[in-house]
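Tertiary structure, described
Residues per chain, in single letters:
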Amino acid sequence: MGRAEAAAMIPGLALLWAVGLGDAAPNLPRLRLSFQELQARHGIRTFRLERTCCYEALLVDEERGRLFVGAENHVASLSLDNISKRAKKLAWPAPVEWREECNWAGKDIGTECMNFVKLLHAYNHTHLLACGTGAFHPTCAFVEVGHRLEEPVLRLDLKKLEDGKGKSPYDPRHRAASVLVGEELYSGVAADLMGRDFTIFRSLGQNPSLRTEPHDSRWLNEPKFVKVFWIPESDNPDDDKIYFFFRESAVEAAAAMGRMTVSRVGQICRNDLGGQRSLVNKWTTFLKARLVCSVPGVEGDTHFDQLQDVFLLSSRDRQTPLLYAVFSTSSGIFQGSAVCVYSMNDVRRAFLGPFAHKEGPTHQWVSYQGRVPYPRPGMCPSKTFGTFSSTKDFPDDVIQFARNHPLMYNSVLPMGGRPLFLQVGAGYTFTQIAADRVAAADGHYDVLFIGTDVGTVLKVISVPQGSRPHSEGLLLEELQVFEDSATITSMQISSKRHQLYIGSPSAVAQIALHRCTVLGRACAECCLARDPYCAWDGSACTRFQTTAKRRFRRQDIRNGDPSTLCSGESSHTALLERKVLGVESGSAFLECEPRSLQAHVEWTFHRAGESAHTQVLADERAERTARGLLLRGLSRQDSGVYLCVAVEHGFSQPLRRMVLHVLSAVQAERLARAEEAAAPAPPGPKLWYRDFLQLVEPSGSGGANSLRMCHPQPGPHSVATESRRKGRNRRMHASELRAERGPRSAAHW
Ligand SMILES: *[C@@H]1O[C@H](CO)[C@@H](O)[C@H](O)[C@H]1NC(C)=O
Ligand SMILES: *[C@@H]1O[C@H](CO)[C@@H](O)[C@H](O)[C@H]1NC(C)=O
């Protein structure tokens, strides 16, 4: 049995997670940017309406230059260039009667009996289609947005509302998954108040409304719909299919295993008209297959079962886009998320493979071996593959077979057979994904933006490993886009404007896809960052332009190797030498913190008057912290030059050179007195001193983990003279400031 088949039928071991994964440390981003940093330096923009929650529907309209937003009781129209600028909004509350009915039905008037706008689609040149929960009374409306750029319009006629049943969910906690094709809306929702009648539904447009067989667990078994896409199959529109992505309870799981969630891709034909005698007004072309995202292991595969989101990345060929999907685990044992990539050809292959069939006294699910009727269920009626012009002409045996065999036996496996990117034990899960294909100096790269349930966006690039199609995800950035760590519930990208729009229960945020200047001020740093949007232009890390001259765009995404690219670039000249004073038997802190969290620091020491360099190894006197090197119990022998070198990806880059001068206690006292006579201590160093104390003696548990290990054990001298020392430190730093003109460069006492 191949892996695809094994996965399809879920052997008992499949849920066991491989031992190896448990030991895996979470991937560290190369750069981590806080909300404050994004706000101060990288132009993050935020939009929120007063007393309004749940910015769940986002629609990018490149032509009008607007971002349309659906939230609780509101639709808003924002500028794509700056969502904080000149926003227009319209109120769309649920009528009082509906809210009262909702309340009588036992729902909460304040949190549930509202109109949560769940879907927004561009309908025609002048109108959007908007649907909301309408206080458990789903409703749709056409919102007038005008057709001219200059004067954004936002108007809604409350007298002309459409029934939203089967379009928007009733329950604000449910997600809407839908696509508008022409004038037809294809949606996956619960179509009843109780939230039990799940359906894949077609409405609006000229074609008849169709749905899935109700209350048949073989078709849908408590599904949670995630995304819907329209993907052409050939040049003939009659072959067009609609693909549904969802997760549901596995009907094929052995009863002994209890309830088990699996992820699915389902298909229907756009030109399906339903059956004539049977399956009337129901889909006759519905098929579904399992979507597997797992890590192969010796003791069984580790499955990421909970599909969270799918992004369709178009290629030049509209029929073969790539599907980027994020999953989380349902395991109680560990928390993990993964990105898996699927090719449309693999999806189609599963639908052309064997059907799953429940058979025999044990009711085992097996591969159907009998005769499959013609035309093969799942095929669209078209001239391309057959002679039938409508599903109403399909023979009865085809309809019967389709009704009883919606599930395929083979699963769809991810490209490369495993996740592109994993995050295990990081304390968050992935919720959303968007992707952008970027032209770089050495080819095209897919850049992924992954939203999490803690308000962060991860930026990951897909780098080919060896022979394609195997790729690996590299975590470049972790951005805190919501200050309140709200779950990211929607995400839209504008490749044209290089912007990402992110929705959460509390607000909408906008950030640029790249922040080249933050990557560093040297060619090597820019190169090591491996951001396909950025390149070294000879003097700075800037936006990569395919049109610029080759020597002005140094970039190596595939290998991130600066040794050849940046040769001749003088990064050493930027290295400032700093003086640090220390006192015998006291301590000194040599600050050196690489920007990249993926770099590690090496220290070399060159003793004054000697020619040899030695590496500073960690011992009880020399402690490495995330922010630098802490030297304790100083002796005169420690005087000399300390060089801090960041090593990343096998490449070394000198960051700082520090000259430590260790004074005897007598010298220190003399210096302090001279200082005092010259000038009183300015207020600055006092602050600086407090900073430093915090650094080595963090209070509370809120500090970074790495700092917690950094408690200096004071030697006998330092304890005895604690209060005096504090005063002295302050004064001594004053001299240092004057010598260096660089606050917080180093410390001593
Ligand atoms: C966006 O617009 C707001 C409001 O007009 C303004 O304060 C802010 O500076 C703008 N941001 C950018 C990056 O243009
Ligand atoms: C767009 O659709 C709306 C709603 O059906 C309709 O009122 C409007 O006239 C249409 N506009 C165009 C340009 O077709």
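Everything quoted here is computed from the prediction, not taken from an experiment.

**Focus on the overall build of the protein**
Looking only at helices and strands, the protein has 13 helices and 43 strands in total. Relative to its full complement of 749 residues, the protein shows a buried share of 55%. Look at the contacts in the protein between residues 6 or more apart in sequence, and 61% of them connect residues 24 or more apart. A total accessible area of about 33,100 Å² is found for the protein, and carbon and sulfur atoms account for 51% of it.

**Description of the site of ligand 1**
Taken together, R45, N82, S84 and K85 are the residues near ligand 1. In the environment of ligand 1, an oxygen atom lies 2.3 Å from a nitrogen or oxygen atom belonging to the side chain of N82. Isolated, ligand 1 exposes 370 Å² of accessible area, and the fraction of that covered by the protein chains is 38%.

**Details of the sheet that holds strand β21 (residues 322-328)**
With respect to topology, four strands assemble into an open sheet ordered β20-β21-β22-β25, the strand pairing being antiparallel. Each edge of the open sheet is held by one strand with a lone partner, namely β20 (306-313) and β25 (421-424). When the angles between neighbouring strand axes are averaged without regard to direction, this sheet yields 20 degrees. For β20 and β21, the ladder comprises seven bridges, and the chain directions are antiparallel. Bridge pairing links F311 to Y324 in β21. On the sheet, helix α5 (residues 344-352) packs against β21 and β22 (336-343) and is oriented at approximately 80 degrees with respect to β22.

**So, the confidence of the model for the protein**
The predicted model of the protein averages 83 in pLDDT, with 84% of residues at 70 or higher. For the protein, per-element mean pLDDT is lowest for helix α11 (residues 705-708), which scores 26, and highest for strand β31 (residues 499-503), which scores 98. Counting contacts from residues 1-19, a segment whose pLDDT is below 50, to residues more than four positions away or on other chains yields 49 contacts. Predicted confidence is poor over residues 683-749, with pLDDT under 50, and the contacts of this stretch with residues over four places away or in other chains come to 101 contacts.

**So, the state of the cysteines**
For the structure on display, the rule yields eight disulfides. The disulfide partner of C293 is C340, and the gap between their sulfur atoms is 2.1 Å. Taking the torsion about the sulfur-sulfur bond, which here is approximately 80 degrees, the covalent link between C293 and C340 counts as right-handed. Placement of the pair is C293 in the loop between β17 (287-291) and β18 (294-295) and C340 in strand β22, with a sequence separation of 47 residues. For the pair formed by C293 and C340, the shared burial category is buried. Note that C526 is cross-linked by a disulfide to C541, the S-S spacing being 2.1 Å. Judged by the sign of its S-S torsion, about 70 degrees, the bond between C526 and C541 is right-handed.

**What to know about unusual backbone geometry**
The linkage connecting Y374 with the following residue, P375, adopts the cis geometry, with an omega of -5 degrees. The residue P375 is located in the loop between β24 (364-367) and α6 (396-404) in this model. Even without a glycine there, the phi angle at L204 is positive, about 60 degrees. The topology assignment puts L204 in strand β13 (residues 198-204). Note on L204: relative accessible area 18%, which makes it buried. One non-glycine residue with positive phi stands out, namely R530, at about 55 degrees. In this structure, R530 sits in the loop between α7 (523-529) and β33 (534-536).

**Observations concerning the pairing of strand β8 (residues 127-132)**
The two faces of a sheet get side chains in turn, since along a regular strand they alternate between them. In terms of burial, β8 is largely enclosed, as five of its six residues are buried. The sheet contact formed by strand β7 (residues 117-122) and β8 spans five bridges and is antiparallel. Paired with H121 across the bridge in β8 is L129. Strand direction decides the pairing type here: β8 and strand β9 (residues 139-144), joined by six bridges, are antiparallel. Looking at β9, one finds that A130 is bridged to A141. Linking β8 to β9, which pair antiparallel, is a turn of six residues; within it G134 sits at a positive phi near 50 degrees.

**Observations concerning the site of ligand 2**
Around ligand 2, the neighbouring residues are Y123, N124, T126, H127 and F142. Taking N124, its side chain carries an N or O atom lying 2.3 Å from an oxygen atom of ligand 2. Between T126 and ligand 2, the recorded distance is 3.0 Å, taken from a side-chain N or O atom to a nitrogen atom. Protein burial of ligand 2: of its 370 Å² of free accessible surface, 49% is covered by the chains. A breakdown of the residues in the shell around ligand 2 according to their chemical character gives two nonpolar, three polar and no charged.

**Describing the pattern of salt bridges**
Scanning the entire structure with this criterion turns up 35 salt bridges. A salt bridge links E252 to R264; the shortest N-O distance between them is 2.8 Å. Here R264 lies in strand β16 (residues 261-269) and E252 lies in the loop between β15 (241-249) and β16, a separation of twelve residues in the sequence. As a salt-bridge pair, E577 and R657 come within 4.0 Å of each other at their nearest N and O atoms. With E577 in strand β35 (residues 577-583) and R657 in strand β42 (residues 651-663), this pair connects stretches of sequence that are 80 residues apart.

**Some words on the environment of V292**
With respect to the helices and strands, V292 occurs in the loop between β17 and β18. The sequence separation of V292 and Y342 amounts to 50 residues, and the corresponding C-alpha distance is 9.7 Å.

Analysis parameters
Residues numbered from 1 in each chain as written. Chains lettered and ligands numbered in written order. Predicted model: local features only at pLDDT ≥ 70, side-chain atom pairs only at ≥ 80, totals over all residues. Heavy atoms only, no water. Helix = DSSP H or I, 4+ residues; strand = E, 2+ residues; numbered from the N terminus. Buried < 20%, exposed > 50% of the residue type's maximum accessible area, 1.4 Å probe, protein only. Contact = heavy atoms within 4.5 Å. Areas by Shrake-Rupley, 256 points an atom, 1.4 Å probe, with all protein chains shown as cover. Near = heavy atom within 4 Å. Polar contact = N/O pair within 3.5 Å; in protein donor to acceptor, adjacent residues only side chain to side chain. Pairing = 2+ DSSP bridges. Axes fitted to C-alpha atoms, helices over the stretch in contact; angles between N-to-C directions. pLDDT = per-residue confidence, 0-100. Disulfide = S-S within 2.5 Å. Nonpolar A, V, L, I, M, F, W, Y, C, P; charged D, E, K, R; others polar. Salt bridge = Lys/Arg side-chain N within 4 Å of Asp/Glu carboxyl O.

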